[in-house]
Amino acid sequence: MIDVTFVNSSTKRSRRERGSLPPLAPPPRQARGIEKRERLYEAALAEFDARGFDGSRVEDIVARAQTSWGSFFRYFMRKEDVLLHAGAIEYRRRVRPLVEAGLLEDRPVRGVALEAFRALLSSQLPPHVHGALLREIMATPDRFAEVLGPDEPPFLELIARVIALGQERGEVTTAADALSLAAVLVAGTLFVTIQGGFADLRGLRGLPDAESPETVLERAFAVAWRAMEP
């Protein structure tokens, strides 16, 4: 299984992704531990919503959850890991099932791929929290893949499957392998969408309606897909 989630480029990996991150906390197995981690998770999301991710503090999270510092770090080694946990929930609930359904229905692969990217932008989280979540996933793709677990194919692998099917049908170029094309599509679409849609990429501010992440996504995907055409 491919052990990356979005784009695993050594030239763009942050220092955190080069071995300086602590190991993930093991998931709780007993009901009491599961309940406590869920309480901390919900408290953290509430703090992120109220104060923004950067402005949130662990001491406020544990106070809201009515638990201790030690409990927080037993289940989340960093507050960023709360975002990865939220991302894994969203990914399992919506993104992967949508892609797999599209493949089973034999829909045109361009539409399946575009729906997968749209699903990444769809969330019940506040936009500023969802933007922080997406940025953290892109910054630490290997860690997010570890959160997903060995039985959950990461996003890049899903897109590679879509492209491989498109190559078999003649809908996608065979000038490069499916994984390489998937990396081009993911990088060309998500980087611009996350930075432009959630972080106000200055180069996009003059475009009509570029304030919306969905609008940025549609434009970036259209440009990146041209490299996929046969």
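Here is a short report on the structure shown in this document. Treat the numbers as computed from the prediction; the structure is a model and nothing was measured.

This part is about the packing of helix α1 (residues 31-51) against helix α2 (residues 58-65). At a closest axis distance of 8 Å, the pairing of α1 and α2 adopts a crossing angle of 125 degrees. Judged by the angle between their axes, α1 and α2 are oblique. Handedness of the α1/α2 crossing: right-handed. For the pair α1 and α2, the contacting residues are Arg39, Leu40, Ala43, Ala44, Ala46, Glu47, Phe48, Ala50 and Arg51 in the first and Asp60, Ile61, Val62, Arg64 and Ala65 in the second. Its residues assigned to classes, the contact of α1 with α2 shows 9 nonpolar, no polar and 5 charged.

So, on to the environment of phenylalanine 72. In this fold, phenylalanine 72 is placed in helix α3 (residues 69-75). For phenylalanine 72, a relative accessible area of 0% gives the class buried. Sequence-wise, phenylalanine 72 and leucine 40 are 32 residues apart; in three dimensions their C-alpha atoms are separated by 6.8 Å. With residues near it in sequence (within four places) discarded, phenylalanine 72 still touches Leu40, Val58, Ile61, Val62, Arg78, Lys79 and Val82.

Taken together, the buried positions of helix α7 (residues 141-148) are occupied by Pro141, Arg143, Phe144, Ala145 and Leu148. Phi turns positive, to about 100 degrees, at glycine 149, one or two residues after α7.

With that settled, consider the nonpolar core. Counting 59 residues, the largest nonpolar core has Phe48, Phe117, Phe155, Ile159, Ile163 and Leu185 as the members making the most contacts within it. Considering each element in turn, this core owes the most residues, 9 residues, to helix α5 (residues 109-121).

Here we take up the pattern of salt bridges. Under the counting rule described, the total for this entry stands at 19 salt bridges. The residue arginine 51 makes a salt bridge to aspartate 60 at a minimum N-O spacing of 3.9 Å. Given a relative accessible area of 47%, arginine 51 falls into the partly exposed group. Here aspartate 60 falls in the buried class, since its relative accessible area comes to 14%. A salt bridge links arginine 96 to glutamate 152, with the shortest nitrogen-to-oxygen separation between them at 2.9 Å. Residue arginine 96 is located in helix α4 (residues 80-104), and its partner glutamate 152 is located in the loop between α7 and α8 (155-169); the two are separated by 56 residues in the primary sequence. Arginine 96 sits in the partly exposed class, given a relative accessible area of 21%. Each of the salt bridges in this network shares a partner with another, and the network as a whole consists of Glu47, Arg51, Arg57, Glu59, Asp60 and Arg64.

Glancing now at α8. Spanning 15 residues, α8 covers 22 Å between terminal C-alpha atoms, matching the ideal 21 Å at 1.5 Å per step. Taken as a whole, α8 has its buried residues at Phe155, Leu156, Glu157, Leu158, Ile159, Ala160, Val162, Ile163, Gly166 and Gln167. Just past α8, the residue glycine 170 takes up positive phi, approximately 85 degrees.

Reading the values: the criteria
- Residues numbered from 1 in each chain as written.
- Predicted model: local features only at pLDDT ≥ 70, side-chain atom pairs only at ≥ 80, totals over all residues.
- Heavy atoms only, no water.
- Axes fitted to C-alpha atoms, helices over the stretch in contact; angles between N-to-C directions.
- Helix = DSSP H or I, 4+ residues; strand = E, 2+ residues; numbered from the N terminus.
- Parallel < 35°, antiparallel > 145°, perpendicular 65-115°, else oblique.
- Left-handed = near helix turned anticlockwise from the far one by under 90°.
- Contact = heavy atoms within 4.5 Å.
- Nonpolar A, V, L, I, M, F, W, Y, C, P; charged D, E, K, R; others polar.
- Buried < 20%, exposed > 50% of the residue type's maximum accessible area, 1.4 Å probe, protein only.
- Core = buried A, V, L, I, M, F, W, Y, C linked by side-chain atoms within 4.5 Å.
- Salt bridge = Lys/Arg side-chain N within 4 Å of Asp/Glu carboxyl O.
- Expected span 1.5 Å × (residues − 1).

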